[in-house]
Amino acid sequence: MWLPSYATPSERLTRTLVVTFAVAVLLFLIAPLFIIVPLSFSKDPFFTLPVREYSLRWYDDFFGNARWMNAIFNSAVAAVMTTVLATTLGTLAALGISRPDFPARRLIMALLISPMIVPVVIVAVGSYLFFGQFGLTNTRTGLVLAHTALATPFVVITVTATLSTYDTNLTRAALSLGAPAMSAFFRVTLPNILPGVVSGAIFAFAISFDEVVVALFMTAAEQRTLPVQMFSGIRDQINPTIMAAATLLLALSITLFAILALLTRRSDKPAASA
């Protein structure tokens, strides 16, 4: 039910027009993304619509090419490492900021989320110059640390939002009953805020796996990630194999955000039932 049964006809018409306009804008924004899907199944060695003949040729080329497989491996390893670091640091930061007696909360929060506001090319240049002093450029370690700086704010925001509805009396009760602080966290606090932590981890993984600007600055040829490989392919020679890679990335993004929506829906059920 979008509107209560007693809504007036004008209210129903207004709601219908608003929803229709929102759906139209959404389709206008995301429709170009799905043009790559039929192109990835084209047999032609160039981009043409409509597709004249369908084939899995470019997917065979993608999975049979050592460069693309190495790029997927590099992206997956960097994304997993980034997810672990960003989720751990972001959760700890959110727990600290959520304390009522935490000093300069707004200032610290602004600093933590600043990588979301600063243009990513500035973050990339800054990371290159800073990590270059420690010999971490052109290394996977430097890439993971730079991606962690980009992904941690998303974890902080999601976990902080979850903590805003968490009853801290549960943790106090566990401590008053003699549970150690670590035990109270892992047995009481963490299970209650787990949807926010997992959501932040999904954001961190997606950001690291799909990021290209920082990766261009921080990686050498042997650490080239999938987005960097796609960027290089577009710059050097346009190959329809890129469409297959882009379609797989699109499928991965849809899957991750479907999981995120499912987690959000499950976390909202107790509140709705209450």
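All values derive from a computational prediction rather than experimental measurement.

Definitions and limits used
Residues numbered from 1 in each chain as written. Predicted model: local features only at pLDDT ≥ 70, side-chain atom pairs only at ≥ 80, totals over all residues. Heavy atoms only, no water. UniProt positions renumbered as here; feature names shortened; annotations may be inferred. Helix = DSSP H or I, 4+ residues; strand = E, 2+ residues; numbered from the N terminus. Phe/Tyr/Trp six-rings, centres within 6.5 Å; stacked < 30°, edge-to-face > 60°. Buried < 20%, exposed > 50% of the residue type's maximum accessible area, 1.4 Å probe, protein only. Axes fitted to C-alpha atoms, helices over the stretch in contact; angles between N-to-C directions. Parallel < 35°, antiparallel > 145°, perpendicular 65-115°, else oblique. Left-handed = near helix turned anticlockwise from the far one by under 90°. Contact = heavy atoms within 4.5 Å. Nonpolar A, V, L, I, M, F, W, Y, C, P; charged D, E, K, R; others polar. Core = buried A, V, L, I, M, F, W, Y, C linked by side-chain atoms within 4.5 Å.

Peer 1: Would you take a moment to explain the UniProt feature "transmembrane region" (unreviewed entry) in the protein for this structure?
Peer 2: When the UniProt feature table is mapped onto this chain, "transmembrane region" (unreviewed entry) is found at residues 16-41, 71-95, 107-131, 143-166 and 242-263. Taken end to end, residues 16-41 is 77% helix and 0% strand, and its first and last C-alpha atoms sit 37 Å apart. Helix makes up 100% of residues 242-263 and strand 0%. Its end C-alpha atoms lie 32 Å apart.

Peer 1: Is there a simple way to think about the packing of aromatic side chains in this case?
Peer 2: Between two aromatic rings, the relevant description is the distance of the centres plus the angle of the planes. For the structure shown, the criterion picks out 10 aromatic pairs. An angle of 70° between the planes, with centres 5.4 Å apart, marks the rings of F130 and F131 as edge-to-face. Judged by its relative accessible area of 46%, F130 falls in the partly exposed class. An aromatic cluster of at least three residues, connected via ring pairs, comprises F62, F63 and W68.

Peer 1: Honestly, unusual backbone geometry in this entry has me stumped. Any pointers?
Peer 2: Backbone phi values are negative for most residues with the exception of glycine, while trans is the configuration of most peptide bonds. The backbone phi angle of A104 is positive, close to 50°, even though this residue is not glycine. Relative to the assigned elements, A104 resides in the loop between α4 (66-97) and α5 (105-112). Residue A104 is classed as partly exposed on the basis of its relative accessible area of 46%. With a phi angle near 60°, N138 is a residue other than glycine that sits in the positive phi range. Mapped onto the fold, N138 is located in the loop between α7 (120-132) and α8 (140-163). Of the residues examined, N138 reaches a relative accessible area of 39% and is grouped as partly exposed.

Peer 1: Any chance you could explain the side chain of Q229 here in plain terms?
Peer 2: Mapped onto the elements, Q229 comes out in helix α12 (residues 226-236). Here Q229 falls in the buried class, since its relative accessible area comes to 9%.

Peer 1: Quick question: what am I supposed to make of the packing of α4 against helix α10 (residues 181-210) here?
Peer 2: For any two helices packed against each other, the geometry comes down to the angle between their axes and how far apart the axes lie. Running from N to C, α4 and α10 point in directions that differ by 140°, and their axes come no closer than 8 Å. With respect to their mutual orientation, α4 and α10 come out oblique. Of the two possible hands of crossing, α4 and α10 adopt the one that is right-handed. Together, I72, S75, A76, A78, A79, V80, T82, T83, A86, T87, T91 and L95 of α4 and F185, T189, I193, V197, A201, A204, F205, S208 and F209 of α10 make up the contact between the two elements. Considering only residue class, the contact of α4 with α10 consists of 14 nonpolar, 7 polar and no charged.

Peer 1: Got a minute to help me understand the nonpolar core in this structure?
Peer 2: Generally speaking, a soluble globular protein has its nonpolar side chains buried in company with each other. Ranked by internal contacts, the top residues of the largest apolar core, which has 19 residues, are W68, F209, L226, M230 and A245. When residues of this core are traced back to their parent elements, those giving at least two are α2 (36-40), α4, α10, α12 and α13 (241-273). For this core, the leading source of residues is α13, giving 7 residues. What M230 contacts, discounting residues up to four positions off in sequence, is W68, I242, A245, A246 and L249.

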